[in-house]
Amino acid sequence: MEKRRVLLLGASGYLGSQIYQELLRDDSLELMGTCFSAPAAGHLLQIDVTDTPSFSPILQEFSPHVVIWALMSATDERALIENGLDALLSLLPEKSKLIFISTDGIFGKGTGSYREEDPPEPLDERNPLATYSNAKIRGEARIRERHPNHVIVRVGPIYGRNAAGKWDKRVASMCADLKAGTEVSRSGNLYKTFVHVEDVGNAIHELLHGSYLGTLHLGPAKKESYYSFYKKMALALGLNADGVKETLLTEADAQERGVPMDTSLNTKKAHERLQTRFRQAGWENANGIDSDKGE
Ligand SMILES: NC(=O)c1ccc[n+]([C@@H]2O[C@H](COP(=O)([O-])OP(=O)(O)OC[C@H]3O[C@@H](n4cnc5c(N)ncnc54)[C@H](OP(=O)(O)O)[C@@H]3O)[C@@H](O)[C@H]2O)c1
């Protein structure tokens, strides 16, 4: 039987490495992963998706059945969407599936518990993440207009050690501080749906084979504040959790800096449609995965 060709854009990234290792075990797939600036990634194809003359022939020659977009740029998210995604949408055959990883950051007002149907809200330009989040909003809209055969996956902060042994930057930085005896302060009233990297990888694998099309919010049932998330992670990792201190952001401060207070996601649909289970934070070293009884 012909293998399904899967093009994983961003296979050198934090989440992309996890997805790459997850899909590598699947014999029904012919996998091509890409990197951009990552060194020594010999098994990956180096491409710049914003460079259309070099990106287009790769798409045409490999002719993927599925494309997974796990790309992010701290400096030029706009170009990824305006050039890279645009080229992809122009060349991708109608019958090929596009899985686009998006973010909770598209809910810029921050009123919380967002469902898939809720309209995106641009992030205030005073927020340093505005270029990134607002480019994602445009990316999602273009995909809906031009390529019905898609899954737009939205996630909050992704954490945990990935299959390549790399930790997310947030927890890695907390570990370094606590080990050095430095206290860390985190907001007790900024809420997110934190999701484990392995669970996202499993869900993407499932979505690749499944029939679900449209938008889907991934993650556990319960939201966490940054403070409670870091505290639980410190405990789970055997670090000095007393070194994690709570701060509170006033509404006026949040408004001034364009910070949405609560971008938590309602993940009920994913829990109903997927086999993948999503653990609550704090189970990093345990085998158990939260059975989401509180849903
Ligand atoms: N991490 C989170 O907490 C989080 C939360 C919400 C949503 N997401 C979404 O999850 C996805 C993966 O995020 P991540 O945290 O894994 O990001 P990441 O570690 O920064 O990885 C980004 C990937 O994009 C590649 N890339 C950047 N510019 C490129 C270009 N011009 N052409 C081709 N490739 C390019 C990078 O390649 P090199 O490394 O080789 O340069 C890398 O493989 C993104 O879509 C992001 O929006 C992540």
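Computed from a predicted structure; not experimentally measured.

Engineer: How would you explain the nonpolar core if you had to name every residue and give the values?
Structural biologist: The nonpolar side chains of soluble globular proteins are, as a tendency, buried together. Counting 34 residues, the largest nonpolar core has I68, I99 and L218 as the members making the most contacts within it. Contributing elements (two or more residues each) for this core: β1 (4-9), α1 (14-24), β2 (29-35), β4 (66-69), β5 (97-103), β6 (150-155) and α6 (197-209). Among residues more than four places away in sequence, those in contact with I68 are V6, L7, L8, L9, I19, L23, I99, I101, I204 and L208. By size, the runner-up hydrophobic cluster in this structure holds 23 residues, among which are L9, L88, L89 and A135.

Engineer: Can you break down the packing of aromatic side chains residue by residue, with the values?
Structural biologist: Counted by the stated rule, this structure contains 7 aromatic pairs. On the numbers, 5.4 Å between centres and 85° between planes, the contact of F229 with Y230 is edge-to-face. Clustering of aromatic rings is evident, with ring pairs tying together Y159, F194, Y226, F229 and Y230. For the cation-ring pair, K136 lies above F100, with the distance from its terminal atom to the ring centre recorded as 4.8 Å. Taking NZ or CZ as reference, R186 lies 4.5 Å from the ring centre of Y230, over its face.

Engineer: A description of the site of the ligand should follow, citing residues and the corresponding values.
Structural biologist: Around the ligand, the structure places 26 residues, and the nearest of them are S12, S37, A38, L71 and Y132. One of the side-chain nitrogen or oxygen atoms of S12 is found 2.8 Å away from an oxygen atom of the ligand. Between an oxygen atom of the ligand and a main-chain N or O atom of Y14, the distance comes to 2.9 Å. Within the complex, 88% of the 910 Å² of free accessible area of the ligand lies under protein. Breaking the shell around the ligand down by element, the ones donating at least two residues are α1, β5 and α4 (130-146). If one sorts the elements of the shell around the ligand by residue count, β5 sits on top with 3 residues. For the shell around the ligand, a count of residues per class yields 16 nonpolar, 7 polar and 3 charged.

Engineer: So what's going on with α4? Residues and values would help.
Structural biologist: Compared with an ideal rise of 1.5 Å per residue, which puts 17 residues at 24 Å, α4 spans 24 Å between its outermost C-alpha atoms and is within 8% of the ideal. Of all the positions in α4, only A130, Y132, S133, N134, A135, K136, I137, G139, E140 and I143 are classed as buried. Looking at the packing, one finds that the buried side of α4 touches β4, α3 (77-91), β5 and β6.

Engineer: Account for the packing of helix α2 (residues 52-62) against α3, with residues named and values stated.
Structural biologist: Axis separation between α2 and α3 bottoms out at 10 Å; the angle between their running directions is 35°. For the pair α2 and α3, the sense of crossing is right-handed. The residues of α3 that touch α2, namely those facing T52, F55, S56, L59 and Q60, are N83, G84, A87, L88 and L91. Counted by class, the contact of α2 with α3 contains 5 nonpolar, 5 polar and no charged residues.

Engineer: Can you explain the environment of H209? Please cite residues and give values.
Structural biologist: Considering the arrangement of structural elements, one finds H209 in helix α6. Remark: the alpha-carbon pair of H209 and R4, spanning 205 residues in sequence, is separated by 9.7 Å.

Engineer: Describe the layout of surface pockets, listing the residues and the values that go with them.
Structural biologist: Roughly 170 Å³ of internal volume is contained in the second largest pocket. In terms of lining residues, the second largest pocket is bounded by G108, K109, L123, D124, R126, E251, A254, Q255, G258, V259, P260 and M261. Split into classes, the residues belonging to the lining of the second largest pocket amount to 5 nonpolar, 3 polar and 4 charged. In this structure, the lining of the second largest pocket is formed jointly by two domains, domain 1 (4-158 + 194-217) and domain 2 (168-192 + 222-262), each of which donates at least three residues.

Definitions and limits used
- Residues numbered from 1 in each chain as written.
- Predicted model: local features only at pLDDT ≥ 70, side-chain atom pairs only at ≥ 80, totals over all residues.
- Heavy atoms only, no water.
- Core = buried A, V, L, I, M, F, W, Y, C linked by side-chain atoms within 4.5 Å.
- Buried < 20%, exposed > 50% of the residue type's maximum accessible area, 1.4 Å probe, protein only.
- Helix = DSSP H or I, 4+ residues; strand = E, 2+ residues; numbered from the N terminus.
- Contact = heavy atoms within 4.5 Å.
- Phe/Tyr/Trp six-rings, centres within 6.5 Å; stacked < 30°, edge-to-face > 60°.
- Lys NZ or Arg CZ within 6 Å of the ring centre and 35° of its normal.
- Near = heavy atom within 4 Å.
- Polar contact = N/O pair within 3.5 Å; in protein donor to acceptor, adjacent residues only side chain to side chain.
- Areas by Shrake-Rupley, 256 points an atom, 1.4 Å probe, with all protein chains shown as cover.
- Nonpolar A, V, L, I, M, F, W, Y, C, P; charged D, E, K, R; others polar.
- Expected span 1.5 Å × (residues − 1).
- Axes fitted to C-alpha atoms, helices over the stretch in contact; angles between N-to-C directions.
- Left-handed = near helix turned anticlockwise from the far one by under 90°.
- 1 Å grid on protein atoms, 1.4 Å probe; cavity = no way out; pocket = protein on both sides within 12 Å on 5 of 7 lines; lining within 4 Å.
- Points joined across faces, edges and corners; volume = space filled by probe spheres on them.
- Domains from an automatic or database assignment.

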